[in-house]
Amino acid sequence: MKALHFGAGNIGRGFIGKLLADAGISLTFADVNQAVLDALNARHSYQVHVVGEQEQVDTVSGVNAVSSAGDAVIDLIADVDLITTAVGPVVLERIAPAIAKGLIKRRAAGNDRPLNIIACENMVRGTSELKACVLKALGEEDKTWVEAHVGFVDSAVDRIVPPSARADDDPLAVTVETFSEWIVDKTQFKGALPPIPGMEPTDNLMAFVERKLFTLNTGHAITAWLGQQAGHQTICEAILDKNVRAVVQSAMEESGEVLIRRYGFDAASHAAYIQKILGRFENPYLKDDVERVGRQPLRKLSAGDRLIKPLLGTLEYGLPHAGLVKGIAAGLRYQSQEDAQAQQLMQLLAEKGPRDALAQISGLDANSSVVTEVVNAYNTQA
Ligand SMILES: NC(=O)C1=CN([C@@H]2O[C@H](COP(=O)(O)OP(=O)(O)OC[C@H]3O[C@@H](n4cnc5c(N)ncnc54)[C@H](O)[C@@H]3O)[C@@H](O)[C@H]2O)C=CC1
Ligand SMILES: O=P(O)(O)OC[C@H]1O[C@](O)(CO)[C@@H](O)[C@@H]1O
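Below or above, wherever it landed, is the structure these notes cover. Remember, it's a predicted structure, so these values are computed and weren't measured experimentally.

Quick look at the overall build of the chain now. Within the chain one finds 16 helices and 12 strands. Here the chain has a C-alpha radius of gyration of 21 Å; the compact-globule value for 382 residues is 21 Å, and the two agree. Dimensions of the chain, computed from the C-alpha atoms along their principal axes, are close to 60 × 50 × 45 Å. A sequence separation of at least 24 residues applies to 72% of the contacts in the chain between residues at least 6 apart. Accessible area of the chain: about 15,500 Å², with a carbon and sulfur share of 50%. Seen as two clouds, the 37 positive and the 47 negative side-chain charges of the chain have centres 1 Å apart.

Right, here's the structure in full:
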């Protein structure tokens, strides 16, 4: 079996690419980073440092790499059995034209073998968004063929893989936590499910996507934003600050109440899930910077993402939401010189003030009482 993975970054090398290679699949990475492409093609292998309760160094070998901007990637799309991505939500639309070209070539070559495409991004139904972008680039006949032969499979991906801070300066080495979870929607595959140990099929994906995004990512973002305000450098330092931790835990519990009502999760198991995540944030070996985890605040504060969607759930069910409100206020205060969205956020706040800025970013009603609560929390955090 052959696979093409877009994005030879942290999650690409440290999680999805590793699972595919470990499953004996012939794997090619597609990326735009020439240094990473050259290193992969020179060595065809790299090391994954697993840190936490158990420590080990695994070697992933037999991998190749191509530029995602050239013709080689189109030839591969025409040939492989599986395509995965971990490029970041905003990049999906940029890789869609190449995927569309590859699918046109695949059809023209008479390759009717099933192909499955799985986006592994921190977003709800990212593969469905990718599919919509790919279909836009196809004519009617190609669209019909794609619907019949290509499975667009949504997934939830959970493993904390920060940029490697290894002293040996190896551009390919990656440091990962022990925990990992990759859940895929089994109802969306074409043909047989690929046998990949570590890939868990479900017919109830939304429950798992929301459980992960609205617990781990909700708590992680708030840890980063409040941690930054308190002068902490890493997630580990931030979550060990009892003031930060109290808000993070309460926001995760508030979001959890929504998940329990919406999906029927067992309350005790969900409480244990939250505790497990808090423990993962404490991993001292990950050196995960608050600036990285808090990145792209406009995306993280948008309507369907990790803060606003759970907040809307608490309003729907009439539940407490003070922790989420403090978390959203902290998001408005995120700072980064490197992050274009942090700069846009600062500009928006300067132009419109917190009430209208939040309404614009999140889609919440500027005159609603929940926006007033966030504005009050924002002013308190000054
Ligand atoms: N790092 C983590 O712990 C986790 C990340 N994720 C998600 O995985 C995705 C990737 O995150 P990371 O691996 O952390 O980011 P990253 O920045 O380490 O990796 C992204 C890779 O995509 C490449 N890329 C950018 N534009 C491209 C293009 N047009 N074609 C091909 N490759 C391109 C970049 O060069 C980079 O190597 C994001 O959606 C993130 O939310 C999900 C779970 C865990
Ligand atoms: O990758 P994003 O969506 O910017 O958010 C950072 C998040 O991604 C992760 O790296 C992986 O889930 C988390 O550590 C963190 O919550």
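Of note, Y334 is situated in the loop between α14 (322-332) and α15 (340-362). With 46 residues separating them along the chain, Y334 and T380 place their C-alpha atoms 15 Å apart. Setting aside its immediate chain neighbours within four residues, Y334 contacts W225, Q228, V290, E291, G294, R295, P297, D339 and A342. Polar contacts involving the side chain of Y334 include one to the main-chain carbonyl oxygen of E291, which spans 2.7 Å.

Around ligand 2, the structure places N122, R159, K212, L216, N217, H220, R292, V293, R295, R299, K300 and R306. The contact in question runs from an oxygen atom of ligand 2 to an N or O atom on the side chain of H220, over 2.7 Å. Relative to its unbound accessible surface of 380 Å², ligand 2 loses 93% to contact with the protein. A majority-of-atoms criterion places ligand 2 in the largest pocket. For the shell around ligand 2, the secondary-structure elements that each account for two or more residues are α7 (205-229), α11 (290-293) and α12 (297-300). With four residues, α7 is the largest single contributor of residues to the shell around ligand 2.

In this section: the pattern of salt bridges. Taken as a whole and judged by the stated rule, the model has 21 salt bridges. Between R107 and E141 there is a salt bridge; the shortest N-O distance is 3.4 Å. Of the two residues, R107 sits in helix α4 (residues 92-108) while E141 sits in helix α6 (residues 140-149), which places them 34 residues apart along the sequence. We classify E141 as exposed; its relative accessible area is 58%. Among the ionic pairs, R125 bridges to D154, the shortest N-O distance being 2.8 Å. With R125 in the loop between β7 (115-119) and α5 (126-136) and D154 in the loop between β8 (150-153) and β9 (155-158), the pair connects residues that are 29 residues apart, well separated along the chain. The structure contains a network of salt bridges with shared partners spanning E210, R262, K309 and E316.

Around ligand 1 sit 25 residues, and of these N10, D31, S68, E121 and V161 come closest. With respect to ligand 1, the side chain of D31 contributes an N or O atom lying 2.6 Å from an oxygen atom. Starting from 820 Å² of accessible surface for ligand 1 in isolation, the protein chains cover 84%. At the level of elements, α1 (10-22) and β2 (26-31) are the ones that each hand at least two residues to the shell around ligand 1. Classifying every residue of the shell around ligand 1 gives 13 nonpolar, seven polar and five charged.

On to the packing of α14 against helix α16 (residues 369-380), then. The contact between α14 and α16 brings their axes to 8 Å, and the two run at 60°. It follows from the interaxial angle that α14 and α16 lie oblique. Between α14 and α16 lies a crossing of right-handed hand. Facing α14, whose interface residues are V325, K326, I328, A329 and L332, α16 presents V370, E373, V374, A377 and Y378.

Let us look at the sheet that holds strand β1 (residues 2-6). Pairing in this open sheet of six strands is parallel, and the strands run β5-β2-β1-β6-β7-β8 from one edge to the other. The sheet terminates laterally at β5 (64-67) and β8, the two strands that pair on one side only. The average undirected angle you get between the axes of adjacent strands in this sheet is 20°. Alignment of β1 against strand β6 (residues 82-85), held across four bridges, turns out to be parallel. Opposite H5, over in β6, you have T84 as the bridge partner. Strands β7 and β8 of the sheet are contacted by α6, whose axis makes an angle of about 70° with β8.

Attention now moves to the pairing of β6. Covered by surrounding structure in β6 are L82 and T84 together with I83 and T85, the residues of both alternating faces. Two elements, β6 and β7, share four bridges in a ladder whose sense is parallel. Looking across to β7, one finds that T84 is bridged to I118. After leaving β6, the chain enters α4 and then returns to the sheet as β7, a path that is right-handed.

Among the nonpolar cores identified, the biggest contains 50 residues, and L307, I328 and L332 are the most heavily contacted of them. When sequence neighbours within four positions are dropped, the list of residues in contact with I328 reads L301, L307, I308, L311, L358 and V374. With 36 residues, the next largest nonpolar core counts A8, I11, A86 and F189 among its residues.

Scoring rules and cut-offs
Residues numbered from 1 in each chain as written. Chains lettered and ligands numbered in written order. Predicted model: local features only at pLDDT ≥ 70, side-chain atom pairs only at ≥ 80, totals over all residues. Heavy atoms only, no water. Helix = DSSP H or I, 4+ residues; strand = E, 2+ residues; numbered from the N terminus. Rg over C-alpha atoms; globule rule 2.2 N^0.38 Å. Contact = heavy atoms within 4.5 Å. Areas by Shrake-Rupley, 256 points an atom, 1.4 Å probe, with all protein chains shown as cover. Lys, Arg positive; Asp, Glu negative; His and termini not counted. Charge placed at Lys NZ, Arg CZ, Asp CG, Glu CD. Polar contact = N/O pair within 3.5 Å; in protein donor to acceptor, adjacent residues only side chain to side chain. Near = heavy atom within 4 Å. 1 Å grid on protein atoms, 1.4 Å probe; cavity = no way out; pocket = protein on both sides within 12 Å on 5 of 7 lines; lining within 4 Å. Sits in = over half its atoms within 2 Å of the grid points. Salt bridge = Lys/Arg side-chain N within 4 Å of Asp/Glu carboxyl O. Buried < 20%, exposed > 50% of the residue type's maximum accessible area, 1.4 Å probe, protein only. Nonpolar A, V, L, I, M, F, W, Y, C, P; charged D, E, K, R; others polar. Axes fitted to C-alpha atoms, helices over the stretch in contact; angles between N-to-C directions. Parallel < 35°, antiparallel > 145°, perpendicular 65-115°, else oblique. Left-handed = near helix turned anticlockwise from the far one by under 90°. Pairing = 2+ DSSP bridges. Right-handed = clockwise from strand over helix to strand, strands pointing away. Core = buried A, V, L, I, M, F, W, Y, C linked by side-chain atoms within 4.5 Å.

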